[in-house]
Amino acid sequence: MFFPRKDHDGEATYLFFADTQPKGHIPDVIACLATDNPESLDSGFNQSPRPSALLMEHSRGLFSRPGLIGYRIQNGGFVDHTGIEAGAGWSTRFTLDDVAESDDGVIVIRASDHDAELELATEIERMTGGALRIRHTIRNTGTGIYMLERLDVSVPIDPECCEILDFSGRHMNERNPQRHRIQDGDWVREFRRGKPGFDGAVLYAGTPGFGFNTGTVLCLQPAWSGNTELAVCRGSEDGPMAYVGELLLPGEVQLAEGDSYSTPWVVVSASSHGLDPIMQGLHRWERTLPSHPTRQPVTLNVWEAVYMGQNREVLADIARRAASIGVERYVLDDGWFHLRRTDSSGLGDWWIDRDVWPEGLDELIELVHSEGMQFGLWFEPEMVNPDSDLFRRHPEWVMQAGARLPELQRHQLVLDLTNPDASDYVFDAMSAILSHNAIDYVKWDHNRDLLEAGTNQHGGRAAVHAQTVAYYRLLDRLREAFPHVQWESCASGGGRIDLGVVEHVSRFWTSDMTDALSRQRIQRWTTQSIAPEYLGAHVSAPTSHQSGRTYTLAFRAATAAFFGFGIEWDIRQASDDDLRQLSEWIAWYKEQREFLHGGRFFNADVDDDMVMAYGVTAENGSQALLAHVQLDEPKHNRGVRVRIPGLVADAEYSLRWTGPEPAKAALEQLDPFGPLGHRTVTGAYLGSIGVRFPRCNPQTVRLVSVVRR
């Protein structure tokens, strides 16, 4: 048996199952791979006697990582001096009850263990774009409490895919790729910050040296904004298996009789042509989501212009200048609400500070709208400062593991949204602002980790899972109440970017690092999971506030041009020539926006670490836009060849420079028309041989328009 049924041409991700027996064990997965001909691989014959199921169980002779860890607590039976029996049901042997496949691309595998008094349902869904998503639901059918500690989705890895790619990261330096060789034993990554963090909870396993366009690759990532874990296990008897699930804290999930728990969806993607097909499939799925932005406006955020020093006249001046160069959305960031003169006070007091805004925000909002722009506002709903009216009234509303408060981070504590009173307070406070002010957009920030995140409703019991669910619930409640408002996810930049929250928002703030050179790498690896139109990318000041490095406006603007283009700069300090250039880049972005945010984004494998190349190809292969980025000085003068995928093999194409900045090289004279002059070449030529770019000056970008003749 294989899943899903083939319903379209082209490569997609498939699971191939071993033949099953009624009341036998959970079906083993023979392989998870990408193919365009699944029928030819469907034998049902498992050559290995070892288990390889979507839930791995100790009872089947497994001595590595079990997918389920838990036990039962109840009264009676073999009790100790406390009168409580604890520890039964710790080892399961689920037997198959049913496999049901629906016409809409969903299969449900049901199993039960009558001894452990548990039921298991495993759902597998086909996703638009060719990926699959999988989740388990476990239900306690017995008396007492089942203490769940782990429930992972597991998928076998082809033994030839013996190299792991995952990410490290920190604030302002998200998603740094790192590679490891799979060896015997357990490799485990745990994400315990109450959000995915700056690393990004993503796991790739591929053939050695796999790239953007080469190699066999399997990718797994949880669609979840809380604690998660990734693991790869290989033993002396068992082949490599990938495990993905929610990282549950002690006592966090307690299932009474009849209660159930569902894992986060685990998105599984495979490719026989490197990383890009996985990325492109996810982008196609994201473009079907209800919250997907149909058009990503040019956005100016005033944070790096004024920080918390908000002044009506200054902000009005910035708004007028922004409108004059073509900005479409204006965002007022942190500093507008009660007591908020520094980051040490005010969080939780979501009403306008009349000392700063004696007449309220109406005048600024009306000005912004009169200039033809949307108005956006910053909130950090999940946090509270000890120096706030909210905390003084309700200190019991913060997350804490006991009587003591957690250590402060950024002078903040976490508001316990699992408490209905606290969640209702935030909803009512934000609703009052959104109802009485004509706000089009909310930037939702999240600036600290969930440390000792317990709930006072249950004596300090761990509650990261419940807090994550409560976050989604509050956000969706606000989205339903204010359907005209678009929502951005920010967590000190890219600390909460994942395939769970993407179903709830229309934009991400990719990183607090607005230095263009750093952003080139951060954006490259973030687009592996998230379509470029979601990713806010802003033109910052000439000298970066974060790094101190200075770049030309052309480099800063070209770095932002393929993404959610915006500005993070006090444009009062910009010269007339700066403003002219900015308006030209904005006009170019608007002209190309529909294509940039609707085509197939690609990354080119380039044999030079000092060069990056990426672009967009039309779904029908009629055109492409390519960016060649010289990051720094190379060690040679050979230049590089860049291949452009996705074009029609036998069609002829013309290549022409595009964008406001003329194309230049370091030593060679470029043809003023395009990299190949007036010659035309075939799509096969561009996909196999490619376009040569000579060595160029550091921190410069060349943009090329590729059009079918």
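What comes next is a walk through the structure. The numbering scheme is per chain: residues are counted from 1 as the chain's sequence reads. Owing to the predicted nature of the model, reporting of local features is limited to residues with pLDDT of at least 70; listing and counting of side-chain atom pairs is limited to 80 or more, with chain, interface and lining totals taken over all residues. To obtain the side-chain values, all non-hydrogen atoms of the structure were used and water was disregarded.

Let us look at the packing of helix H3 (residues 312-324) against helix H4 (residues 362-370). With axes taken as lines fitted to C-alpha atoms, and helix axes fitted only over the stretch in contact, angles between N-to-C directions fall between 0 and 180 degrees. The secondary structure listing takes helices from DSSP runs of H or I that are at least 4 residues long and strands from runs of E that are at least 2 residues long, numbered from the N terminus. The geometry of H3 relative to H4 is characterised by a closest axis approach of 10 Å and an angle of 10° between their N-to-C directions. Viewed along their axes, H3 and H4 adopt a mutual orientation that is roughly parallel. Across the interface between the two elements, Arg312, Leu315, Ala316, Ala319 and Arg320 of H3 pack against Glu363, Leu364, Leu367 and Val368 of H4. When its residues are assigned to classes, the contact of H3 with H4 shows 6 nonpolar, no polar and 3 charged. Angle categories: roughly parallel below 35 degrees, roughly antiparallel above 145, roughly perpendicular from 65 to 115, and oblique for all the rest. For this analysis, residues touch if any pair of their heavy atoms sits within 4.5 Å. Just so you know the grouping, Ala, Val, Leu, Ile, Met, Phe, Trp, Tyr, Cys and Pro go in nonpolar, Asp, Glu, Lys and Arg go in charged, and all remaining residues, Gly too, go in polar.

Moving on, we get to the sheet that holds strand E2 (residues 12-17). Strand pairing is defined by DSSP finding a minimum of two bridges between the two strands. Within the open sheet, the 3 strands sit side by side as E1-E2-E3. Their pairing is antiparallel. Each having just a single partner strand, strand E1 (2-3) and strand E3 (29-35) make up the two edges of the open sheet.

Looking at the secondary structure, you find Asp276 in helix H1 (residues 276-286). Exposure is judged per residue with a 1.4 Å probe applied to protein chains only, and the accessible area is read against the type maximum: over 50% gives exposed, under 20% gives buried, and values in between give partly exposed. Charge assignment: positive for Lys and Arg, negative for Asp and Glu; neither His nor the chain ends contribute. We count a salt bridge whenever a side-chain nitrogen from Lys or Arg sits within 4 Å of a carboxyl oxygen from Asp or Glu. Arg524 provides the closest opposite charge to the buried, unpaired Asp276, separated from it by 7.9 Å. At a separation of 3.3 Å, a polar atom in the side chain of Asp276 contacts the side chain of Asn213. When neighbours within four sequence positions are excluded, Asp276 is seen to be in contact with Phe212, Asn213, Gln528, Phe602 and Asn603. Any pair of nitrogen or oxygen atoms within 3.5 Å is treated as a polar contact; in protein, a donor-acceptor pairing is required on top of that, and neighbouring residues in sequence qualify only through side-chain atoms on both sides.

All right, on to the pattern of salt bridges then. For the structure shown, the criterion picks out 45 salt bridges. Arg312 serves as the salt-bridge partner of Glu313, at 2.7 Å between the closest nitrogen and oxygen. For Arg312, a relative accessible area of 32% corresponds to the partly exposed category. Ionic pairing is found between Asp317 and Arg321, a salt bridge with its closest N-O pair at 3.0 Å. Placement of the pair is Asp317 and Arg321 together in helix H3, with a separation of 4 residues, close to one helical turn.

Across a sheet, strands are paired by hydrogen bonds formed along the backbone, either parallel or antiparallel in direction. Strand order around the closed barrel formed by 8 strands is E21-E22-E23-E26-E29-E30-E31-E32, with parallel pairing between neighbours. Taken over all neighbouring pairs, the strand axes of this sheet differ in orientation by 30° on average, direction set aside. Where strand E26 (residues 441-444) lies against strand E29 (residues 486-489), 4 bridges are found, and the strand directions are parallel. For Lys443, the partnering residue across the bridge sits in E29 and is Glu488. Against the sheet, helix H10 (residues 576-596) engages strand E31 (535-540) and strand E32 (564-568), with an angle of about 160° to E32.

The next point concerns unusual backbone geometry. The step from Phe3 to Pro4 runs through a cis peptide bond, and the omega angle for that step is 0°. When you line up the elements, Pro4 lands in the loop between E1 and E2. For His411, which is not a glycine, the phi torsion comes out positive at approximately 60°. Mapped onto the elements of the fold, His411 is located in the loop between helix H5 (389-393) and strand E25 (413-414).

So, on to the nonpolar core. As used in this record, nonpolar core signifies buried Ala, Val, Leu, Ile, Met, Phe, Trp, Tyr and Cys residues forming a set joined through side-chain atoms within 4.5 Å. The biggest cluster of nonpolar side chains holds 125 residues, and the ones touching the most others in it are Tyr330, Leu332, Trp336, Trp487, Phe562, Ile571 and Trp585. Leaving out residues up to four positions away in the same chain, Trp585 has contacts with Leu553, Ala554, Ala557, Ala558, Ala561, Phe565, Pro660, Glu661 and Leu703. Membership of the second largest hydrophobic core comes to 33 residues, among which are Phe17, Val29, Ala242 and Val244.

Quick look at helix H6 (residues 420-436) now. Owing to its 3.6 residues per turn, the α-helix aligns residues three or four sequence positions apart on the same side. Helix length check: H6 (17 residues) gives 24 Å between terminal C-alpha atoms against 24 Å at 1.5 Å per residue, within 8%. Residues Ala422, Ser423, Tyr425, Val426, Phe427, Ala429, Met430, Ser431, Ile433 and Leu434 constitute the buried set of H6. Buried-residue contacts for H6 involve strand E23 (374-379), H5, E26, helix H7 (464-481) and E29. Measuring from the side-chain oxygen of the N-cap residue of H6 to the backbone nitrogen of Asp421 gives 2.9 Å; that N-cap residue is Asn419. The span you would expect from a helix comes to 1.5 Å times its residue count less one.

Our focus in this paragraph is the packing of aromatic side chains. Side-chain rings of Phe, Tyr and Trp (the six-membered ring for Trp) are treated as a pair once their centres are within 6.5 Å; stacked means planes under 30 degrees apart, edge-to-face means over 60, and tilted covers the remaining angles. Evaluated as defined, the whole model comprises 29 aromatic pairs. Seen from their ring centres, Tyr330 and Phe375 are 6.3 Å apart, and the 25° between their planes marks the pair as stacked. Here Tyr330 is found in strand E22 (residues 329-332), whereas its partner Phe375 is found in strand E23, with 45 residues between them in sequence. Comparing Tyr330 with Phe375 shows no difference in burial state: the two are buried. Among the aromatic residues, those joined into a ring-pair cluster are Trp224, Trp444, Tyr471, Tyr472 and Trp487. Look at NZ for Lys and CZ for Arg. If either is within 6 Å of the ring centre and within 35 degrees of the ring normal, a charge sits over the ring. Note that Arg329 overlies the ring of Tyr441, its terminal NZ or CZ placed 3.8 Å from the centroid. The aromatic ring of Trp569 is capped on one face by Arg556, whose charged end is 4.8 Å from the ring centroid.

Looking now at the environment of Tyr472. Within the secondary structure, Tyr472 is located in helix H7. Owing to a relative accessible area of 11%, Tyr472 belongs among the buried residues under this scheme. In this structure the C-alpha to C-alpha distance between Tyr472 and His504, which are 32 residues apart in sequence, comes to 7.6 Å. Beyond its immediate sequence surroundings of up to four residues, Tyr472 is in contact with Ala223, Trp224, Ser225, Asp498, Gly500, Val501 and His504. In this structure the side chain of Tyr472 is engaged in a polar contact, spanning 2.7 Å, whose partner is the side chain of Ser225.

A few words now on the side chain of Ser271. On the secondary structure map, Ser271 appears in strand E20 (residues 266-271). When its relative accessible area of 1% is taken as the criterion, Ser271 is described as buried. Engagement of the side chain of Ser271 in a polar contact is seen with the backbone oxygen of Gly274, the distance being 2.7 Å. Each residue touching Ser271, except ones within four places of it in the same chain, is listed here: Glu11, Ala34, Gly215, Thr216, Val217, Pro277 and Ile278.

Glancing now at the pairing of E22. Across the two faces of E22 the burial is the same, with Arg329 and Val331 and Tyr330 and Leu332 all buried. Judged from the 3 bridges that link them, strand E21 (residues 299-301) and E22 form a sheet pairing that is parallel. Residue pairing for E22: Thr299 is matched across the bridge by Arg329. Here E22 runs beside E23; their pairing, made up of 4 bridges, is parallel. Across the sheet, Tyr330 pairs through a bridge with Phe375, a residue of E23. Following the chain from E22 across H4 to the adjacent parallel E23, one finds a crossover that is right-handed. Note on handedness: a clockwise path from strand one over the helix to strand two, with the strands aimed away from the viewer, defines a right-handed crossover.

It is worth spelling out H10 at this point. The first and last C-alpha atoms of H10 sit 28 Å apart over 21 residues, in line with the 30 Å expected at 1.5 Å per residue. Here the bend at a residue means the angle between the axes of two seven-residue stretches, the one that ends at it and the one that starts at it. The sharpest bend along H10 comes to roughly 35°, located at Lys590.

A pair of packed helices can be characterised by two numbers: the angle between their axes and the separation between those axes. Between helix H8 (residues 516-526) and helix H9 (residues 553-560), whose axes approach to 9 Å, the crossing angle comes to 15°. In terms of their interaxial angle, H8 and H9 are classed as roughly parallel. Crossing angle aside, the handedness with which H8 passes H9 is left-handed. Here H8 contributes Ala516, Leu517, Arg519, Gln520 and Gln523 to the contact with H9, which in turn contributes Phe555, Arg556 and Thr559. Along the lines of polarity and charge, the residues of the contact of H8 with H9 split into 3 nonpolar, 3 polar and 2 charged. Helix crossings fall into two classes, left-handed where the near helix is turned counterclockwise from the far one by less than a right angle and right-handed where it is turned clockwise.

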